[in-house]
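Descriptive analysis of the structure
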Amino acid sequence: MFSLEMLLDPRIILKIITLIVIFVYAAFALIMLNQVRTMNRIVSYEPLTMLLALIAVVHFIAVISLFLATVVIL
Amino acid sequence: MADVFVAKTVITEKSIINTGKKQSKTVVAREGERHIHALSSFCQNPVGLHFKSQDPDESIFLLLRPHWITNLPWIFTSIFLLLIPSLLALVVDANTFPFAFLPDQSMFVYVILYYLMVFAYMFISFIHWFYNIFIITDREIVDVDFSDLVYHDVAATNIVKLEDVNYTKTGFLRSLFDYGDLFVQTAGGKENLEALAVPHPDKAAQFILNALEKVDANN
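Below or above, wherever it landed, is the structure these notes cover. Counting restarts for each chain, with residues numbered from 1 along the sequence as it is written. As a convention, the first chain written is A and the first ligand written is 1, with the rest following in written order. Reporting of local features is limited, given that this is a predicted model, to residues whose pLDDT is at least 70; pairs of side-chain atoms are given and counted only at 80 or more, and all residues count toward the totals for whole chains, interfaces and linings. Hydrogens and water are ignored here; the side-chain numbers use all heavy atoms of the structure.

Moving on, we come to the overall build of chain B. Helix and strand definitions follow DSSP, with helices as H or I runs of at least four residues and strands as E runs of at least two, each counted in order from the N terminus. Looking only at helices and strands, chain B has four helices and 11 strands in total. For chain B, the residues scored as buried account for 37% of the 219 residues in total. A separation threshold of at least 6 residues defines the contact pool for chain B, and within that pool the share at least 24 residues apart is 50%. For the accessible areas, the method is Shrake-Rupley and the probe is 1.4 Å, while residue cover comes only from the protein chains on display. Accessible area for chain B stands at about 12,900 Å²; split by element, carbon and sulfur atoms hold 60% of it. Relative accessibility decides the category of a residue: with a 1.4 Å probe and only protein chains considered, values under 20% of the type maximum give buried, values over 50% give exposed, and everything between is partly exposed. Whether two residues touch is decided by their heavy atoms; if any such pair falls within 4.5 Å, the residues are in contact.

A few words now on the overall build of chain A. Along its length, chain A carries three helices and one strand. When the helices and strands of chain A are placed in sequence order, the string is α-α-β-α. Computed over C-alpha atoms, the radius of gyration of chain A comes to 17 Å, more than 25% over the 11 Å expected from 2.2 N^0.38 for 74 residues, which places it beyond the range of a compact globule. In terms of overall dimensions, chain A has C-alpha extents of about 55 × 20 × 15 Å along its principal axes. Based on C-alpha atoms, the radius of gyration is set beside the globule rule, defined as 2.2 Å times the residue count to the power 0.38.

This next bit is on the interface of chain A and chain B. How big an interface is tends to be reported as the loss of accessible area on association of its parts. Counting from both sides, the interface comprises 31 residues of chain A and, opposite them, 41 residues of chain B. Its largest share of buried area at the contact with chain B, chain A owes to Met39(A), Ile42(A) and Tyr45(A), together 23% of the area lost on that side. Whenever Lys or Arg places a side-chain nitrogen within 4 Å of a carboxyl oxygen from Asp or Glu, that contact is recorded as a salt bridge. Connecting chain A to chain B are zero salt bridges. In protein, a polar contact means a hydrogen-donor-capable atom and an acceptor-capable atom, both N or O and within 3.5 Å, with residues adjacent in sequence counting only if both atoms are side-chain atoms; elsewhere, any N or O pair within 3.5 Å suffices. Connecting chain A to chain B are six residue pairs in polar contact (both at pLDDT 80 or more). The quantity reported as buried area is the accessible area (1.4 Å probe) lost by two parts once they are put together, taken as the sum for both.

One finds Val36(A), Leu52(A), Ile127(B), Phe130(B), Tyr131(B) and Ile135(B) to be the most contacted residues of the largest nonpolar core, which totals 40 residues. Elements with a contribution of two residues or more to this core: helix 2 (10-42), strand 1 (43-45) and helix 3 (48-73) of chain A together with strand 4 (49-51), strand 5 (60-64), helix 2 (104-130), strand 6 (133-137) and strand 7 (140-148) of chain B. Here the element with the most residues in this core is helix 2 of chain B; it accounts for 10 residues. When near neighbours in sequence (up to four residues on either side) are disregarded, Ile135(B) contacts Leu49(B), Phe51(B), Ile60(B), Leu62(B), Leu63(B), Glu140(B), Ile141(B) and Val142(B). To form a nonpolar core, buried Ala, Val, Leu, Ile, Met, Phe, Trp, Tyr and Cys residues must be joined to one another through side-chain atoms within 4.5 Å. Of all hydrophobic cores here, the second largest spans 23 residues; its members include Phe42(B), Leu162(B), Leu182(B) and Val215(B).

Before going further, it helps to spend a moment on the packing of aromatic side chains. Stacked, tilted and edge-to-face are the three classes assigned to paired rings of Phe, Tyr and Trp, where Trp is represented by its six-membered ring and a pair needs centres within 6.5 Å; plane angles under 30 degrees give stacked, over 60 edge-to-face, the rest tilted. What the rule picks out here adds up to 10 aromatic pairs over all chains. Seen from their ring centres, Phe23(A) and Phe67(A) are 6.4 Å apart, and the 55 degrees between their planes marks the pair as tilted. Residue Phe23(A) is found in helix 2, and its partner Phe67(A) is found in helix 3; the two are separated by 44 residues along the sequence. What makes Phe23(A) exposed here is its relative accessible area of 56%. Classification of Phe67(A) as partly exposed rests on a relative accessible area of 24%. Measuring from ring centre to ring centre gives 5.9 Å for Tyr131(B) and Phe146(B), while their planes differ by 50 degrees; the resulting arrangement is tilted.

Time to look at the side chain of Thr157(B). Within the secondary structure, Thr157(B) sits in strand 8 (residues 151-158). Beyond its immediate sequence surroundings of up to four residues, Thr157(B) is in contact with Arg139(B), Glu140(B), Ile141(B), Leu162(B), Thr186(B) and Leu193(B).

It is worth spelling out the environment of Thr18(A) at this point. Tracing the chain through its elements places Thr18(A) in helix 2. Separated by 56 residues in sequence, Thr18(A) and Leu74(A) have C-alpha atoms that sit 9.2 Å apart. For Thr18(A), the contacting residues outside a window of four places in its chain are Thr70(A), Leu74(A), Val109(B) and Tyr110(B). A polar atom in the side chain of Thr18(A) sits 2.5 Å from the side chain of Tyr110(B).

Right, let's get into the pattern of salt bridges. Residues and elements named next belong to chain B. Scanning all chains against the criterion turns up four salt bridges over all chains. Across the salt bridge formed by Asp178 and Lys169, the nearest N and O atoms sit 2.7 Å from each other. On the accessibility criterion, Lys169 (31% relative accessible area) is partly exposed. Among the ionic pairs, Arg174 bridges to Asp181, the shortest N-O distance being 3.0 Å. On the basis of relative accessible area, Arg174 is assigned to the partly exposed category, the value being 22%. Asp181 sits in the buried class, given a relative accessible area of 14%. Residues joined in a network through salt bridges with shared partners are Asp55, Asp57 and Arg139.

Right, dumping it as structure tokens:
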């Protein structure tokens, strides 16, 4: 069980703050991905538009992976 | 033996507008050889480009986007941001480093997060340049503005509604690299389109006027 002392531990506080920051950043990465997909629907310039969508997806996956890694590592 | 890979030959009729004269030219191109200069800022008759409201028989004459020189500020900023951790490691002593109390695992997470953020900055800067385009077709002019991540604007106007085309080219860099702002006014001023920092604005303006003349002649 979580105790108050455990919550006041600087490492736990740091971990929570880091997770919040990465979560917000993941939301930002998702917006970026959606925007790229929307723009690709408006203007298609193959194969570069597909490559941009792929980069946005990889970036989003990397952020999610970092979030999970932070939960485990920190 | 049957041929497995045979490039399809496509014959397309393209009407090319050049220096006010209408020329009809038959272009024979192999499907496999079709390519585009996707990162071009001034691309005539681009192949492979499509936009949402494009009609099946509508052909694109010109694609404009900001001059490549406009990318230099974010490229230099990105290089600087990428070098910051290495520079810090060289300059700051490990004992006096303000975050020395953090465990190695934490540093790993923060360094990865930092580089992801720098990458996102580079990516957004690139797509900001890439999606800010101005398309001139044989029927309409389409202006796609990608201002930031949560805002984009697409404006299109029929080419017959055009009233005035003008451009400005001021400043040392703009004169040196031949780029400027192109403005297109429509009848009634309902929809004014602008292409900022595009290369050869004089040629682009002439291109639009020629396209308009062609449409007028056809009508």
